[in-house]
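Observations on the three-dimensional arrangement
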Amino acid sequence: MSNTHAAGGSFDVQDGDRVELKARKVSFDWADTPLHWVPGDPFTTHTINVLHLLLPAGERWFVHVYRQVLPYIRDERLHADVIGFIGQEAMHAQAHDDVLPQLRRLGLDPTPYTAEVDWLFEKLLGDRTLPPGKARRWWLMERVALIAAIEHYTAFLGDWVLNAEALDRRGADPMMLDLLRWHGAEEVEHRSVAFDLFMHVDGGYRRRARTWATAFAALVFLWQRGTRFFMANDPELTAGSSRRATVGDFVRRGRQGVLPSTPAMLRSIPTYLSRSYHPSQEGSTAQAVAYLASSPAANASGSEGAR
């Protein structure tokens, strides 16, 4: 989807690439998914598993913030896109949340880590007791800008996982791959919404750069902390197994294609910080929509499982 406009200006949509955003009901059955769903590779498994710890709280926070910003939207199409975005994000949060009971059944309780994540989004980034007017609007705009920066990386990851054929070659669990690719496809599908919303209600470059730095640092910190938590508490790793979770491990897996490549992630930094940046320049809406049309989970009916 390609939506472009200046801060506070009119909303110019390129209709050829625009799709109507809608929440898709999905169904997953985790009964046959093993703890190490990338066979023989607990590090890759757990690095990606951090998504299940971060996303439920994070995407519920997105929804909460966006409901507050709806009255500031003066364009009907953008308003409709934000409503669709809210629906999709709410479904993403629920789908990843539903993985956590399976982790517990397999002996890995994520509660100590998820409690920290909940505190971050609910307390540190939550609503504050501020007087109406400039202070309250400032805090709302800061959070809108943070979401735009985070969505830059969720779209990056979505595009990556849609093309991560190395995971298929490694025999990764098809149910987990479908969850990741359904979610990734919707991130690509709505990749322009958060940025367009920020540009519509604020658009300040200094705020964009500042909140990018905050979001990037927080994501790196939380991701490495989550991976180390999983590796340290994995009940299937024997006494002689390596429980390391290092940058070197991440870089090597990136070269193998089972995780995003470090050079690609670094190149994404100046991309977002470019004054000419727009999310429509990256990823493929057509590829995302095609995957969503074929996703087992997105096409499961009723309560029937997708497997």
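Considering the pattern of salt bridges
All chains considered together, the criterion is met by 15 salt bridges. Residues Arg252 and Asp249 are paired through a salt bridge, measuring 2.8 Å at the closest nitrogen-oxygen approach. Of the two residues, Arg252 and Asp249 both sit in helix 10 (residues 247–256), three residues apart, roughly one turn of that helix. According to the relative accessible area criterion, Arg252 is partly exposed, its value standing at 37%. Using a relative accessible area of 5% as the deciding quantity, one classes Asp249 as buried. Residues joined in a network through salt bridges with shared partners are Glu142, Asp202, Arg207 and Arg210.

Some details on helix 2 (residues 76–97)
An ideal rise of 1.5 Å per residue puts 32 Å on 22 residues; helix 2 measures up with 32 Å between its terminal C-alpha atoms. Among all positions of helix 2, only Leu78, Asp81, Val82, Gly84, Phe85, Ile86, Gln88, Glu89, His92, Ala93, Ala95 and His96 are buried. Sitting at the amino-terminal end of helix 2 is Asp75, which places a side-chain oxygen 2.9 Å from the backbone nitrogen of Arg77.

Description of the packing of aromatic side chains
Scanning the entire structure with this criterion turns up 13 aromatic pairs. For the pair Phe28 and Trp30, a centre-to-centre distance of 5.5 Å together with 15 degrees between the ring planes defines the contact as stacked. For the pair Phe28 and Trp30, one class covers both residues: buried. The rings of Phe28, Trp30 and Trp182 are connected pair by pair, giving a single aromatic cluster. If you follow Arg208 out to its NZ or CZ, it ends over the ring of Tyr272, 5.7 Å from the centre. Positioned over the ring face of Tyr205 is Arg275, at 4.0 Å from the centre of the ring.

Comments concerning the layout of surface pockets
Of the volumes computed, that of the largest pocket is approximately 840 Å³. If you go around the largest pocket, you meet 32 residues; those closest to its centre are Thr47, Leu219, Trp223, Phe250 and Met265. Breaking the lining of the largest pocket down by element, the ones donating at least two residues are helix 1 (42–69), helix 5 (134–162), helix 7 (174–189), helix 9 (205–233), helix 10 and helix 11 (262–273). The element best represented in the lining of the largest pocket is helix 9, accounting for seven residues. Residue composition of the lining of the largest pocket, by class: 20 nonpolar, ten polar and two charged.

A short note on the confidence of the model for the protein chain
Low-pLDDT portions of the prediction should not be read for the details of their coordinates. Chain-level statistics for the protein chain give a pLDDT mean of 91 and a share of 92% at 70 or above. Here residues 1–16 is a poorly scored stretch, pLDDT under 50, and it has 56 contacts once near neighbours within four places are set aside; other chains count.

Quick notes on empty space enclosed by the protein
Evaluation of the coordinates by the stated rule reveals one cavity of 30 Å³ or more. Its volume calculated, the largest cavity comes out at about 60 Å³. Along its surface, the largest cavity is lined by Trp30, Thr33, Pro34, Leu35, Trp37, Asn49, Val99, Gln102, Leu103, Leu106 and Met176. Looking at the lining of the largest cavity residue by residue, the class counts come to eight nonpolar, three polar and no charged.

What to know about the nonpolar core
Of all hydrophobic cores here, the largest spans 89 residues; its most connected members are Phe28, Trp61, Tyr66, Val82, Leu167 and Leu197. Not counting chain neighbours up to four residues away, the residues in contact with Phe28 comprise Ala95, Met175, Asp178, Leu179, Trp182 and Ala297.

With respect to the environment of Phe198
In this structure, Phe198 sits in helix 8 (residues 193–201). Judged by relative accessible area, which is 0%, Phe198 ranks as buried. Here the alpha-carbon distance between Phe198 and Arg143, two residues 55 residues apart in the chain, equals 9.5 Å. Each residue touching Phe198, except ones within four places of it in the same chain, is listed here: Val144, Ala145, Ala148, Gly203, Gly204, Arg207 and Arg208.

Topic: the packing of helix 5 against helix 8
The contact between helix 5 and helix 8 brings their axes to 8 Å, and the two run at 150 degrees. Viewed along their axes, helix 5 and helix 8 adopt a mutual orientation that is roughly antiparallel. Crossing of helix 5 against helix 8: the hand is left-handed. Of helix 8, the residues touching helix 5 (which contributes Arg137, Met141, Val144, Ala145, Ile147, Ala148 and Glu151) are Ala194, Phe195, Leu197, Phe198 and Val201. Broken down by class, the residue content of the contact of helix 5 with helix 8 amounts to ten nonpolar, no polar and two charged.

What counts and what doesn't
- Residues numbered from 1 in each chain as written.
- Predicted model: local features only at pLDDT ≥ 70, side-chain atom pairs only at ≥ 80, totals over all residues.
- Heavy atoms only, no water.
- Salt bridge = Lys/Arg side-chain N within 4 Å of Asp/Glu carboxyl O.
- Helix = DSSP H or I, 4+ residues; strand = E, 2+ residues; numbered from the N terminus.
- Buried < 20%, exposed > 50% of the residue type's maximum accessible area, 1.4 Å probe, protein only.
- Expected span 1.5 Å × (residues − 1).
- Polar contact = N/O pair within 3.5 Å; in protein donor to acceptor, adjacent residues only side chain to side chain.
- Phe/Tyr/Trp six-rings, centres within 6.5 Å; stacked < 30°, edge-to-face > 60°.
- Lys NZ or Arg CZ within 6 Å of the ring centre and 35° of its normal.
- 1 Å grid on protein atoms, 1.4 Å probe; cavity = no way out; pocket = protein on both sides within 12 Å on 5 of 7 lines; lining within 4 Å.
- Points joined across faces, edges and corners; volume = space filled by probe spheres on them.
- Nonpolar A, V, L, I, M, F, W, Y, C, P; charged D, E, K, R; others polar.
- pLDDT = per-residue confidence, 0-100.
- Contact = heavy atoms within 4.5 Å.
- Core = buried A, V, L, I, M, F, W, Y, C linked by side-chain atoms within 4.5 Å.
- Axes fitted to C-alpha atoms, helices over the stretch in contact; angles between N-to-C directions.
- Parallel < 35°, antiparallel > 145°, perpendicular 65-115°, else oblique.
- Left-handed = near helix turned anticlockwise from the far one by under 90°.

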